[in-house]
Amino acid sequence: MPDTHHIPESPAGIDPAALTHEQLHGWRCALCGTLLTGDRPLGTVTLSQGPTLTTYPLWACDPNCTTENAWRAALTHAAGCEACRTGECETGQRLLDTYSAAIWQEHAEGAG
């Protein structure tokens, strides 16, 4: 990869040099690296590669990364778990409770 430098207008907490090709092109979350199914804009980063400056819009999970990853974990588990189908799975319930807490926290932060 060519030597890259960033222009200091990137969103807080994001190191443009550490972003992958998939994150720069909006396929994966710029914060957690998860494949995006729903997204929200974060801002832009500008990278210089020699004399060329390229600006990339950055995208993140929507709902937020914590909520999105909790939902994915619950669904992934439930899809392969016979006990989840009968409502007798402690792991499935714990994952669903984690998702519920994350979504409630996200709504509480949005209301405040």
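Worth saying up front: this structure is predicted, and the values here are computed from it rather than measured.

Draft legend 1. Focus on the overall build of the protein chain. Tallying secondary structure elements over the protein chain gives four helices and three strands in all. Helices and strands in the protein chain line up, N terminus first, as β-α-β-β-α-α-α. Counting only residues that meet the buried cut, the protein chain has 30% of its 112 residues in that class. A separation of at least 24 residues holds for 49% of the contacts in the protein chain among residues at least 6 apart in sequence. A total accessible area of about 7,100 Å² is found for the protein chain, and carbon and sulfur atoms account for 56% of it.

Draft legend 2. Summary view of the packing of aromatic side chains. Across all of its chains, the model carries one aromatic pair by this definition. Measuring from ring centre to ring centre gives 4.7 Å for W71 and Y99, while their planes differ by 45 degrees; the resulting arrangement is tilted. Linking W71 in helix α2 (residues 65–79) with Y99 in helix α4 (residues 90–111), this pair joins segments that are 28 residues apart in sequence.

Draft legend 3. Quick look at the pairing of strand β3 (residues 52–61). Note that strand β2 (residues 39–49) and β3 share 10 bridges and pair antiparallel. Within β3, the residue paired with T46 across the bridge is T55.

Draft legend 4. Structural context of the pattern of salt bridges. Counted according to the given criterion, the structure contains three salt bridges. Two residues, E68 and R72, come together in a salt bridge whose shortest N-O distance is 3.0 Å. Taken together, the residues E68 and R72, both in helix α2 and four residues apart, mark about one turn of the helix. For R72, a relative accessible area of 24% puts it in the partly exposed group. With a closest N to O distance of 3.0 Å, R85 and E82 form a salt bridge. A residue pair is termed a helical-turn pair when its members lie 3 or 4 positions apart in one helix, as R85 and E82 do in helix α3 (residues 82–86) at three residues.

Draft legend 5. Geometry of the nonpolar core. Ranked by size, the top nonpolar core spans eight residues in total: I14, L19, L24, A30, V45, L47, Y56 and L58. Put simply, the parts of the chain that give this core at least two residues each are β2 and β3. With residues near it in sequence (within four places) discarded, I14 still touches L19, A30, L31, L42 and L58. If you look at the next biggest cluster of nonpolar residues, it comprises five residues, including L36, A60, C61 and C65.

Calculation rules
- Residues numbered from 1 in each chain as written.
- Predicted model: local features only at pLDDT ≥ 70, side-chain atom pairs only at ≥ 80, totals over all residues.
- Heavy atoms only, no water.
- Helix = DSSP H or I, 4+ residues; strand = E, 2+ residues; numbered from the N terminus.
- Buried < 20%, exposed > 50% of the residue type's maximum accessible area, 1.4 Å probe, protein only.
- Contact = heavy atoms within 4.5 Å.
- Areas by Shrake-Rupley, 256 points an atom, 1.4 Å probe, with all protein chains shown as cover.
- Phe/Tyr/Trp six-rings, centres within 6.5 Å; stacked < 30°, edge-to-face > 60°.
- Pairing = 2+ DSSP bridges.
- Salt bridge = Lys/Arg side-chain N within 4 Å of Asp/Glu carboxyl O.
- Core = buried A, V, L, I, M, F, W, Y, C linked by side-chain atoms within 4.5 Å.

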